[in-house]
Amino acid sequence: MGRAKPNQPKGLIEKHVSLQHFDLTLVTPSAALEQVVANYWIIEWDLPRGRAYAQENLPHASQHLVLDPQYQSGVFGLTSGAFTYHLQGKGRVFGVKFHPGQFRRFAAHDMRNLTDHCVPVSSYFDVDDNELLRGFCAAKHCADFAPAIEHMLLNCEIKEDAKAKLAQEVVEFIEVNREIFEVAVVAQHFHVSPRALQRLFAEYVGIGPKWVIERYRMIEAIEALNNSSHISLTELSHALGYFDQAHFSRAFKRLTGRRPTEIGLPPT
């Protein structure tokens, strides 16, 4: 495992403000787990007394194992909507981000059953949930707890799964090919039918491929809005495959609760 430098992942709304309120560090998994684990992520904050901050973000197409002494720990399925986390006082959170499709190798059920839900870590791993959380809280440095999580994961029999690999490849293909807007185009690229792709995503990703296409379009929109206050919304709308700015703005507000023009303003 290696500790990465503080990172600025895609999907944070108001990213320039976000990183003034908390520190985010990524830890790379060992070679034994790099096929299933994207990274271990750590959030730490220490806000002045009486100050609070609400972080909004658009989650990616992944499942997460989260240890959170402030709120809720467990295995979180893919989150279909926007997500807001409230920070106050001093706190820390440790998370495991699994590659898209790969958590299915730990579970005896379709990932769609976990979407928008959180279940105890012990539902999938031979561990006492309370002891696991206490161990994390006792760690002097958050990153020092990564080996304990690795040990827990490696105690499982992780069988090879060609479908998990395919699901990951398809999601990553969608993420990097922003000009693709139709499920049929994705299916054709991977030489499968759209119906077969739907079944694959339901079992391994937890949601349909159309959602994944739409989510990464919106994440790209967030990144563009984060990086420039003078961006042309008409050009951005067309670049993301929307018919016009009005269609894009409605889709954006439906997901985030705010219009694109309101990014940079306090949420109402």
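Further up the page is the structure itself.
Residues numbered from 1 in each chain as written. Predicted model: local features only at pLDDT ≥ 70, side-chain atom pairs only at ≥ 80, totals over all residues. Heavy atoms only, no water.

**Some thoughts on the environment of Leu26**
On the secondary structure map, Leu26 appears in strand S2 (residues 23–28). Remark: the alpha-carbon pair of Leu26 and Phe94, spanning 68 residues in sequence, is separated by 9.9 Å. (Helix = DSSP H or I, 4+ residues; strand = E, 2+ residues; numbered from the N terminus.)

**A look at helix H6 (residues 194–204)**
Every buried residue of H6 is listed here: Leu197, Leu200, Phe201, Ala202, Glu203 and Tyr204. Its buried side turned inward, H6 meets helix H4 (162–176), helix H5 (183–189) and helix H7 (209–227). In the segment just after H6, Gly206 is the residue with positive phi, at about 105 degrees. (Buried < 20%, exposed > 50% of the residue type's maximum accessible area, 1.4 Å probe, protein only. Contact = heavy atoms within 4.5 Å.)

**Notes on the packing of aromatic side chains**
By the definition in use, this model includes 15 aromatic pairs. Arranged with centres 5.4 Å apart and planes meeting at 90 degrees, the rings of Phe173 and Phe190 form a pair that is edge-to-face. Of the two residues, Phe173 sits in helix H4 while Phe190 sits in the loop between H5 and H6, which places them 17 residues apart along the sequence. With a relative accessible area of 18%, Phe190 lands in the buried category. Over the aromatic face of Tyr204 sits the side chain of Arg104, whose NZ or CZ is 5.8 Å from the ring centroid. The side chain of Arg217 reaches across the aromatic face of Tyr242, ending 4.0 Å from its centre. (Phe/Tyr/Trp six-rings, centres within 6.5 Å; stacked < 30°, edge-to-face > 60°. Lys NZ or Arg CZ within 6 Å of the ring centre and 35° of its normal.)

**With respect to the pairing of strand S3 (residues 37–46)**
Pairing between S2 and S3: five bridges, direction antiparallel. Looking at S3, one finds that Asp23 is bridged to Glu44. Relative to strand S8 (residues 90–98), S3 runs antiparallel, the two being bridged by nine bridges. Bridging across to S8, Tyr40 finds its partner in Val96. (Pairing = 2+ DSSP bridges.)

**Considering the state of the cysteines**
Scanning all chains against the criterion turns up zero disulfides. Cysteine Cys137 shares no disulfide, and the gap to the nearest cysteine sulfur, in Cys142, comes to 9.2 Å. (Disulfide = S-S within 2.5 Å.)

**Digging into the nonpolar core**
Val186, Phe201, Val205, Val212 and Phe248 are the most contacted members of the largest nonpolar core, which has 38 residues in total. The set of elements that each furnish at least two residues to this core consists of H4, H5, H6, H7, helix H8 (233–239) and helix H9 (245–256). Beyond its immediate stretch of four places on either side in the chain, Val186 contacts Val170, Phe173, Ile174, Ile180, Leu197 and Ile213. (Core = buried A, V, L, I, M, F, W, Y, C linked by side-chain atoms within 4.5 Å.)

**Side note on unusual backbone geometry**
Residue Asp116 is not a glycine yet carries a positive backbone phi of 65 degrees. Turning to its location among the elements, Asp116 is positioned in the loop between S8 and strand S9 (118–119). You will see that His191, though not glycine, has its phi angle at about 60 degrees, which is positive. With respect to the helices, strands and loops of the structure, His191 is situated in the loop between H5 and H6.

**Section: the pattern of salt bridges**
Pairing between side chains of opposite charge can happen when the charged atoms of each approach one another. Going through the model one piece at a time under the given rule, you end up with five salt bridges. A salt bridge links Asp110 to Arg112; its shortest N-O distance comes to 3.2 Å. Overall, Arg112 belongs to the partly exposed group, its relative accessible area being 49%. Across the salt bridge formed by Arg217 and Glu214, the nearest N and O atoms sit 3.0 Å from each other. With Arg217 and Glu214 both in helix H7 and three residues apart, the pair spans about one turn of that helix. (Salt bridge = Lys/Arg side-chain N within 4 Å of Asp/Glu carboxyl O.)

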